Amino acid sequence: MAKVRATTILGVIRDGCVAMGGDGQVTVGDVVMKHTAHKVRTLHHGQILAGFAGAVADALTLFERFDAQLDKHHGQLRRSAVELAKEWRTDRFLRRLEAQLCIANRSEMLIVSGDGEVIEPDDQIIAVGSGGPYAHAAAKALMENTSLSAGEIVRKAMDIAASLCIYTNDHIIVLELPSTSEASSETSHESGPLRSASPPSDQGSEQREF
């Protein structure tokens, strides 16, 4: 049977704020099976953003393993990513999983893959999936030529990718972690450092549904 796959993910860090977005399309072979999937989520008490491109069930398994590593290593992003990559490459079951993960906090972002690679970009932009190159190029141009926020860059770059890549649609979910100074100034009635560009009705499902 044709595998279920999902794309595209883009992450950007700017001025201490990190944003990550994903489109909503899930394909089975050449058929679009879902338009409104949620491919980005928060981990480790809302302090880490993560997104996936690839096989959906595989990505869910990797999210669970990565969250466990974050708990074990007290939220250290790089250490947790390296340990996940080791486990992913050497475990007989995990090494069959087909997905790529983008993970980020306010200061660093990484791409983790099943071949043992943990890659940190030079330009504070990460992108994976079939529309990744389009989204990355658009985000880089926006970073260098505009004063847009991280969230705005992700949104606009993902829109551009959706207009070019047939496996990427324009139902885009963008999650943000504001800078530390912004987070500390939030009033007590707000839910925390997580901000979402999706409609309010979607916010409760972003942690569970794909």
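Overview of the environment of V28
No. 1: Tracing the chain through its elements places V28 in strand β4 (residues 26–28).
No. 2: Sequence separation between V28 and A55 is 27 residues, and the spatial gap between their C-alpha atoms is 9.8 Å.

A short note on the pattern of salt bridges
No. 1: In total, this model carries eight salt bridges according to the counting rule given.
No. 2: In this structure, E87 engages R65 in a salt bridge whose closest nitrogen and oxygen atoms are separated by 2.5 Å. Remark: R65 occurs in helix α1 (residues 56–72) and E87 occurs in helix α2 (residues 77–90); sequence separation between them is 22 residues.
No. 3: According to the relative accessible area criterion, E87 is partly exposed, its value standing at 23%.
No. 4: Counted as one network, the salt bridges with shared partners bring together R78, E108 and E120.

Side note on the environment of H74
No. 1: Within the secondary structure layout, H74 lies in the loop between α1 and α2.
No. 2: As for H74 and H44, which are separated by 30 residues in sequence, their C-alpha atoms are 8.8 Å apart.

Some thoughts on the pairing of strand β5 (residues 31–34)
No. 1: Sheet topology places β4 next to β5; three bridges connect them, and they run antiparallel. Bridging from a neighbouring strand, V26 pairs with K34 of β5.
No. 2: The loop that links β4 with its antiparallel partner β5 comprises two residues; one of these, G29, has a positive phi angle of about 65°.

About the criteria used
Residues numbered from 1 in each chain as written. Predicted model: local features only at pLDDT ≥ 70, side-chain atom pairs only at ≥ 80, totals over all residues. Heavy atoms only, no water. Helix = DSSP H or I, 4+ residues; strand = E, 2+ residues; numbered from the N terminus. Salt bridge = Lys/Arg side-chain N within 4 Å of Asp/Glu carboxyl O. Buried < 20%, exposed > 50% of the residue type's maximum accessible area, 1.4 Å probe, protein only. Pairing = 2+ DSSP bridges.

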